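Summary of the model geometry
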Amino acid sequence: MARGKRAGREGRGGQGLARVAVVVRAGAAPLWWAGVFAAGVGVLPPGLTGRRIGVLAGAALFLVTAAVVAVRGQGRFAALARGAARAGRADVLQDRAVTVRVWRRGHRWWLLLALAAALGSSFAVPAAGGMLLAGWGAGLRLKAARIGRLERAGDALLWVRVDWLDRLGGRPAGKAVKGYRTTGVAAGDAAPGGARRRTDVYA
């Protein structure tokens, strides 16, 4: 099974494949840090509600958003995982860094608009918008972890065809996705759940 460094690359009848968990996890860090930044700056103005109410509302938004994002679509992911077919020898496994870069490049303007909205909302409800964004990022990380548990339980990594992702490089369980493919857990450069593989260095 070949490994490719270019998104969407195909070879000899194979398909370009991206890790499902990596696509899900790609937005977690930028949303988390954008949320932390917006909440930190947003707590400075007193806003219409006052800081205390704003922070309490933000904490509730964080928890609710993280929970909703984490569980949303889990049935669809599980169904696609159950029906997954083995990847072929000619399929090209996309590197983790490429998958993350494609997602973040495709969503960069959306992320900037979300950050601007979170900062602007602080003049009404201090810190709440930023904490909502942070909760979204935390929810994506939790969702990727759930996919990682599916992968460990099945002793197989889940991949999705690159050409079935949306034009922004996301939606790995969207309507266009007809099924997943699997490889052994040692394939690719991302561990179950989409995190970068840890490499032990010996002196």
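Only a predicted model underlies this, so the values are computations on that prediction, with no experimental measurement involved.

Re the nonpolar core
Counting residues in hydrophobic clusters, the biggest one holds 33 residues, and the most contacted among them are Val20, Phe77, Ile147, Val160 and Tyr180. Among the secondary structure elements, those contributing two or more residues to this core are α1 (20-25), α2 (28-42), α4 (74-82), α5 (96-106), α6 (108-121), α7 (128-154) and β5 (157-161). With five residues, the single largest contributor to this core is α1. Setting aside chain neighbours within four positions, we find tyrosine 180 in contact with Val20, Phe77, Leu80, Ala81, Ala84, Ala85, Leu158, Trp159, Val160, Pro172 and Ala173.

Re the pattern of salt bridges
Throughout the structure, instances matching the rule amount to three salt bridges. Note that glutamate 151 and arginine 19 form a salt bridge whose closest N and O atoms lie 3.0 Å from each other. Pair noted here: glutamate 151 is in helix α7 and arginine 19 is in strand β2 (residues 16-19), with a separation of 132 residues, a long-range link. Its relative accessible area of 0% is what places glutamate 151 among the buried residues. In this structure, aspartate 91 and arginine 181 form a salt bridge, with 2.8 Å as the shortest nitrogen-oxygen distance.

Structural notes on the pairing of β2
Here β2 shows no split at all, with Gly16 and Ala18 on one side and Leu17 and Arg19 on the other all buried. As judged from the two bridges shared by β2 and strand β4 (residues 92-94), these two strands associate in the parallel manner. Residue pairing across strands places glycine 16 opposite valine 92, the latter belonging to β4. Bridge count for β2 against β5 is three bridges, and the pairing is antiparallel. Among the inter-strand pairings, arginine 19 is bridged to a residue of β5, identified as tryptophan 159.

Considerations on the packing of α6 against α7
It is the contact of α6 with α7, at a shortest axis distance of 7 Å, that shows an interaxial angle of 145°. When α6 is examined against α7, the residues Trp110, Ala114, Leu115, Ala118 and Ser121 are found in contact with a partner set consisting of Gly129, Gly130, Leu133 and Trp136. The residue inventory of the contact of α6 with α7, partitioned by class, reads six nonpolar, three polar and no charged.

A closer look at the confidence of the model for the chain
Regions with low pLDDT should not have their predicted coordinates read in detail. In the predicted model, the chain carries a mean pLDDT of 89, and the fraction of residues at 70 or more is 91%. Contacts for the low-pLDDT stretch residues 5-12, under 50 throughout, to residues beyond four places or in other chains number 21 contacts.

As for α4
Among the residues making up α4, those that are buried are Phe77, Ala78 and Leu80. The arc that holds the buried residues of α4, viewed along the axis, is 165°, so those residues lie on one side. Tucked inside the fold, the buried residues of α4 contact α1 and α7.

Quick notes on the side chain of aspartate 91
In this fold, aspartate 91 is placed in the loop between β3 (85-86) and β4. Overall, the relative accessible area of 3% leaves aspartate 91 in the buried class. A polar side-chain atom of aspartate 91 sits 2.8 Å from the main-chain amide nitrogen of glutamine 15. A polar contact is formed between the side chain of aspartate 91 and the side chain of arginine 181, at a distance of 2.8 Å.

Reading the values: the criteria
- Residues numbered from 1 in each chain as written.
- Predicted model: local features only at pLDDT ≥ 70, side-chain atom pairs only at ≥ 80, totals over all residues.
- Heavy atoms only, no water.
- Core = buried A, V, L, I, M, F, W, Y, C linked by side-chain atoms within 4.5 Å.
- Buried < 20%, exposed > 50% of the residue type's maximum accessible area, 1.4 Å probe, protein only.
- Helix = DSSP H or I, 4+ residues; strand = E, 2+ residues; numbered from the N terminus.
- Contact = heavy atoms within 4.5 Å.
- Salt bridge = Lys/Arg side-chain N within 4 Å of Asp/Glu carboxyl O.
- Pairing = 2+ DSSP bridges.
- Axes fitted to C-alpha atoms, helices over the stretch in contact; angles between N-to-C directions.
- Nonpolar A, V, L, I, M, F, W, Y, C, P; charged D, E, K, R; others polar.
- pLDDT = per-residue confidence, 0-100.
- Arc of directions from axis to C-beta.
- Polar contact = N/O pair within 3.5 Å; in protein donor to acceptor, adjacent residues only side chain to side chain.

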